[in-house]
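An overview of the molecular structure
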Amino acid sequence: MRFIHTSDWHLGRLFNQESLQEDQAYVLQQILAYAIEHKVEAILLSGDIYDRSSPPVQAIQLFDQFLEQLNAVGIRMIMISGNHDSSVRVGFAAHALERGGIFIKSDLDDATKPVVIKPEQGKAIHIYGLPYIDPEYVSSFYQLEPCIHSYQQAHQLVLDQMCLNSDAVNILLAHCFIDGAAISESERQLSVGGATAVAADTFSAFDYVALGHMHGEQYRTHEHIRYSGSILKYSFSEEEHIKAVTLVDVSEEGVVSWQSLTLKPIREVRTIEGMFADILEAAKTDPQADDYIRVILHDTAALLEPMSQLREYYPNILKLEKSIFKEKISGLQANSVDLAKRTEIDIFNDFYQAFIGQPLSEEQEQIMHDIVKQIRAED
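The following paragraphs examine the structure supplied in this document. Here the structure is a predicted model, which means the values were calculated and not measured.

1. Looking at the overall build of the chain
Assigned secondary structure in the chain consists of 13 helices and 19 strands. A principal-axis box enclosing the C-alpha atoms of the chain has dimensions of 85 × 60 × 35 Å. Out of the 379 residues belonging to the chain, those deemed buried represent 47%. A separation threshold of at least 6 residues defines the contact pool for the chain, and within that pool the share at least 24 residues apart is 67%. Carbon and sulfur atoms make up 50% of the accessible area of the chain, which totals about 19200 Å². Taking the average place of the 30 positive charges on the side chains of the chain and the average place of its 56 negative ones, the gap between the two points comes to 2 Å.

2. Brief notes about the sheet that holds strand β4 (residues 42-46)
The strand order β6-β5-β4-β1-β15-β16 describes an open sheet built from six strands, whose pairing is mixed. Every interior strand has two partners, whereas the edge strands, β6 (102-105) and β16 (256-262), have only one. The average undirected angle you get between the axes of adjacent strands in this sheet is 20°. Where helix α1 (residues 21-37) meets the sheet, it contacts β1 (2-6), β4, β15 (244-250) and β16, and its direction lies at approximately 160° from that of β1. Each of β4, β5 (76-80) and β6 is contacted by helix α2 (residues 57-72), which is oriented at about 140° to β5, the strand it contacts most.

3. Considerations on the layout of surface pockets
Counted as a void, the largest pocket has a volume near 400 Å³. For the lining of the largest pocket, the elements supplying multiple residues, two or more each, are α2, α3 (87-90) and β6. When residues in the lining of the largest pocket are grouped by element, the largest group, six residues, is from α2. When grouped by side-chain class, the residues that make up the lining of the largest pocket number 12 nonpolar, four polar and three charged.

4. Considerations on unusual backbone geometry
The bulk of non-glycine residues show a negative phi, and the bulk of peptide bonds are trans. The linkage connecting E145 with the following residue, P146, adopts the cis geometry, with an omega of 0°. By the secondary structure assignment, P146 is in the loop between α6 (135-141) and α7 (151-160). Even without being glycine, N16 reaches a positive phi, approximately 50°. Along the chain, the position of N16 falls in the loop between β2 (14-15) and β3 (18-19). The backbone of D48 sits at a positive phi, close to 55°, despite the residue not being glycine. Looking at the secondary structure, you find D48 in the loop between β4 and α2.

5. Observations concerning empty space enclosed by the protein
In this structure the tally under the stated criterion is one cavity of 30 Å³ or more. Here the largest cavity is characterised by a volume of approximately 40 Å³. Lining the largest cavity are L67, L70, N71, I75, R76, M77, G100, G101 and I102. In terms of residue count, the dominant contributor to the lining of the largest cavity is α2 (three residues). By residue class, the composition of the lining of the largest cavity is five nonpolar, three polar and one charged.

6. Thoughts on the side chain of R294
Residue placement: R294 occurs in strand β18 (residues 292-297). Accessibility expressed as a relative area gives 13% for R294, which makes it buried. Separated by 2.9 Å, the side chains of R294 and T271 make a polar contact.

7. So, the pairing of strand β17 (residues 269-274)
Pairing between β17 and β18: six bridges, direction parallel. Across the sheet, I272 pairs through a bridge with V295, a residue of β18. Considered for its hand, the β-α-β crossover made up of β17, helix α8 (residues 276-283) and β18 is right-handed.

8. Describing the pattern of salt bridges
The full count for this structure, using the stated rule, is 14 salt bridges. Salt-bridge contacts for R267 lead to D290; the nearest nitrogen and oxygen are separated by 3.2 Å. Of the two residues, R267 is situated in the loop between β16 and β17 and D290 in the loop between α8 and β18; the sequence distance between them amounts to 23 residues. Residue class for R267 comes out buried when judged on its relative accessible area of 14%. Here the residues in one salt-bridge network are E22, D23, R267 and D290, joined through shared partners.

9. Notes on α7
For α7, the complete set of buried residues consists of Y151, A154, H155, V158 and L159. Seen along its axis, α7 keeps its buried residues to an arc of 125°; they face one direction. Buried residues along α7 sit against α5 (108-111), β8 (125-130), α6, β9 (169-175) and β11 (197-198).

10. Re the nonpolar core
By size, the foremost hydrophobic cluster in this structure holds 40 residues, and its most contacted members are W9, F63 and M77. Elements with a contribution of two residues or more to this core: α1, β4, α2, β5, β6 and β15. When neighbours within four sequence positions are excluded, W9 is seen to be in contact with Q24, L28, I31, L45, G47, D48, I49, F63, F66, M77, I231 and Y234. Y132, M162, V198 and F203 belong to the second-largest nonpolar core, a separate cluster that totals 29 residues.

The rules behind each value
Residues numbered from 1 in each chain as written. Predicted model: local features only at pLDDT ≥ 70, side-chain atom pairs only at ≥ 80, totals over all residues. Heavy atoms only, no water. Helix = DSSP H or I, 4+ residues; strand = E, 2+ residues; numbered from the N terminus. Buried < 20%, exposed > 50% of the residue type's maximum accessible area, 1.4 Å probe, protein only. Contact = heavy atoms within 4.5 Å. Areas by Shrake-Rupley, 256 points an atom, 1.4 Å probe, with all protein chains shown as cover. Lys, Arg positive; Asp, Glu negative; His and termini not counted. Charge placed at Lys NZ, Arg CZ, Asp CG, Glu CD. Pairing = 2+ DSSP bridges. Axes fitted to C-alpha atoms, helices over the stretch in contact; angles between N-to-C directions. 1 Å grid on protein atoms, 1.4 Å probe; cavity = no way out; pocket = protein on both sides within 12 Å on 5 of 7 lines; lining within 4 Å. Points joined across faces, edges and corners; volume = space filled by probe spheres on them. Nonpolar A, V, L, I, M, F, W, Y, C, P; charged D, E, K, R; others polar. Polar contact = N/O pair within 3.5 Å; in protein donor to acceptor, adjacent residues only side chain to side chain. Right-handed = clockwise from strand over helix to strand, strands pointing away. Salt bridge = Lys/Arg side-chain N within 4 Å of Asp/Glu carboxyl O. Arc of directions from axis to C-beta. Core = buried A, V, L, I, M, F, W, Y, C linked by side-chain atoms within 4.5 Å.

Following this line, the structure appears as structure tokens:
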């Protein structure tokens, strides 16, 4: 029996204010085609279906269309809510939808009740869905006194309620940050210092763990505890990612294996770096001019409307940076602890010197003092 593991669709997402509706619809059709080609029993969607808790109408319509197409070819969908989703909205009419082969696990009421699939031959397959949870939610649900405070404790507590059948193949969908997982800019950090991390060993009792949350395809500690990654590149930090879904095979003996099925986007995400004149000249014959582009310029001199000139050839250029500014800003941020101890005038002087190459004159410094004094008086 076969399944497709996918996650982090983020339907309704904007990429630097550009809608990705067309791009997402394009890769969803590839996922559908893979599901039909490989005759999968179900698609396992491990959270972050939408990009925000109140998704735009177009995103909901796109997902609805996909579910209709799945239903037409007799393929089930088993999904959980992620940290970007509203568990209440995603879980609407969940029990009614089960009759149509759509299983939604968006709260702890259903997390310990598996979807049971019995093949004609071989072991039964029990699929559990653990939505995105936090310590506060788990403490409230189980009425714990005192409350728990770590994500590790929260996940362990819920998993302890799952009575795994040793004669079945046990699969888990979960949406969380596994300790040590590689992150990218497009994943919103919920906290710092590793407070949201969960140890991979927490899930080791399952035969396969279909994870969501990280956008890069990867596994941690155990190969069967895997992130499928997002379906598109959602930031320039993901340029080197190869986006894919995971085809999961379960043999009659209950042995689980997997392979990646690559997704091809309409447009790539890439960075072009160099001198403005060289980039502009190359743009005239660039065969991939429709890609989502970030340009990093090495020029130090002022340029006349470089963005509008480049957009003539790169209609989807999203960011324009100057390498000299980027380096100087990084240097200032690296010393943020020292900056916090300094006065407003000291900080502005550092900024001015980094970009102009010389400190404020006495006259300029006096102007800054007067401005700060005026602002304080208004406050």
